[in-house]
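# Descriptive analysis of the structure
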Amino acid sequence: MTVLVIGATGFQGGAVARLLAEQGRTVRGFARTAPAADQAVPGVDVLTGDLGDAEAVRKAFAGVTHASVLIPQVYDPDTVVRFARNVARAARDEGVARLVVNGNTRIPAQTTEFTGFETRRQAERILLDSGVPTTAIRPPVYLDNLYSPIAGPALVNDGVLAFPLPPSVRAAWLSHEDLAKATVAALTTADVAGRTIDLGGAETLTGPELAERFAAVLGREIRYVPLPPERFEAGLAQAFGAETAAGIAGTYRWAATEEGAALLESDPAALESTLGVRPTPVADWIAARDWQVWAR
């Protein structure tokens, strides 16, 4: 089993590559840039290239038996379709036994106006129809987004948990570690080829309920502050550009509507029953991190 991890230098792909390497698998990474020293995974060689370059993708797949594909935060429809077609062609030509694609979001059943959903829907369909045994996994929201230079300081210093969801919306919070476990399980579980799986965490919580979990672990009052989607998008645009910001923020705009309010929910037992992965309870995830790194 030789596994290609596309996106291996990022947080999500890095977690997948690390888990596979810890299991003794042969792992090859593929990313647009070489990993920084603190991103390198021992035992994982990373090829650099662009998913839009068909020849670079073909070389990445040479000798590969399995592949984990993270669609990067690109939301131009033509570009994402090109990415997916290059992956599908290379995986099919190499005879890949299982491919797992992660579009980094849940996707509504109905078509929407948001590129954050529709580009991922297109990519999934291309790969599921490629002739390669493929499983599409759809994560909800990541706990790890809160352990970051953006959210961490406000939590620790101001007692504020800010996130772009209304306080009434419930979300199944998932960690990168549990995403990695789910990805590896999808690569090796026999009966999930051809399926689309909504991943979920151990608990489905509103923003205020999540703040209560933090307050209990950190031993201080934490209040939830819902960020307006337009403010969230403006902040993203400064860091990633307008197109990426619109793609990401659009998914939260949808979740804030009555029609999309249930998009991020899930049965807490679903991940274990489908892939044999028991997600980490939110309080345990919080307790396992050193939040004082964000203290002023």
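Residues numbered from 1 in each chain as written. Predicted model: local features only at pLDDT ≥ 70, side-chain atom pairs only at ≥ 80, totals over all residues. Heavy atoms only, no water.

### Focus on the UniProt feature "domain: NmrA-like" (unreviewed entry) in the protein
Rules: UniProt positions are given in the numbering used here, feature names are shortened, and annotations may be inferred rather than shown by experiment. Runs of E in the DSSP output that reach at least two residues are strands. Runs of H or I that reach at least four are helices, and both are numbered from the N terminus.
Under the local residue numbering, the UniProt record ascribes the feature "domain: NmrA-like" (unreviewed entry) to residues 2-259. Here residues 2-259 is 43% helix and 19% strand, with 42 Å between the C-alpha atoms at its ends.

### A word on the sheet that holds strand E10 (residues 196-198)
This is how it is decided: Pairing between two strands requires that DSSP report at least two bridges joining them. A fitted line through C-alpha atoms represents every axis, and for helices the fit uses only the stretch in contact; the resulting angles, taken between N-to-C directions, go from 0 to 180 degrees. The contact criterion used is simple: two residues touch if any of their non-hydrogen atoms lie within 4.5 Å.
Spatially, the 7 strands line up as an open sheet ordered E3-E2-E1-E4-E5-E6-E10, and their pairing is parallel. Because the sheet does not close on itself, it has two edges, and the strands there are strand E3 (45-48) and E10. With strand direction ignored, the average angle separating the axes of adjacent strands in the sheet is 20°. Packed onto the sheet, helix H1 (residues 11-22) meets strand E1 (2-6), strand E2 (26-31), strand E4 (66-70) and strand E5 (98-102) and runs at close to 165° relative to E1. Along the sheet, helix H4 (residues 115-128) contacts E5, strand E6 (134-138) and E10; its crossing angle with E6, the most-contacted strand, is approximately 160°.

### Here's the deal with the packing of aromatic side chains
Here is the rule we go by: Each Phe, Tyr or Trp ring (for Trp, its six-membered ring) is paired with any other whose centre lies within 6.5 Å, and the angle between the two planes then decides the class: stacked below 30 degrees, edge-to-face above 60, tilted in between. Only protein chains enter the accessibility calculation, which uses a 1.4 Å probe; a residue is then buried when its area is under 20% of its type maximum, exposed when over 50%, and partly exposed in between.
All told, the structure shown has 10 aromatic pairs when counted by the stated rule. An angle of 70° between the planes, with centres 6.5 Å apart, marks the rings of phenylalanine 114 and tryptophan 254 as edge-to-face. Residue phenylalanine 114 is found in the loop between E5 and H4, and its partner tryptophan 254 is found in helix H9 (residues 242-255); the two are separated by 140 residues along the sequence. Tryptophan 254 carries the same exposure label as phenylalanine 114, and that label is buried.

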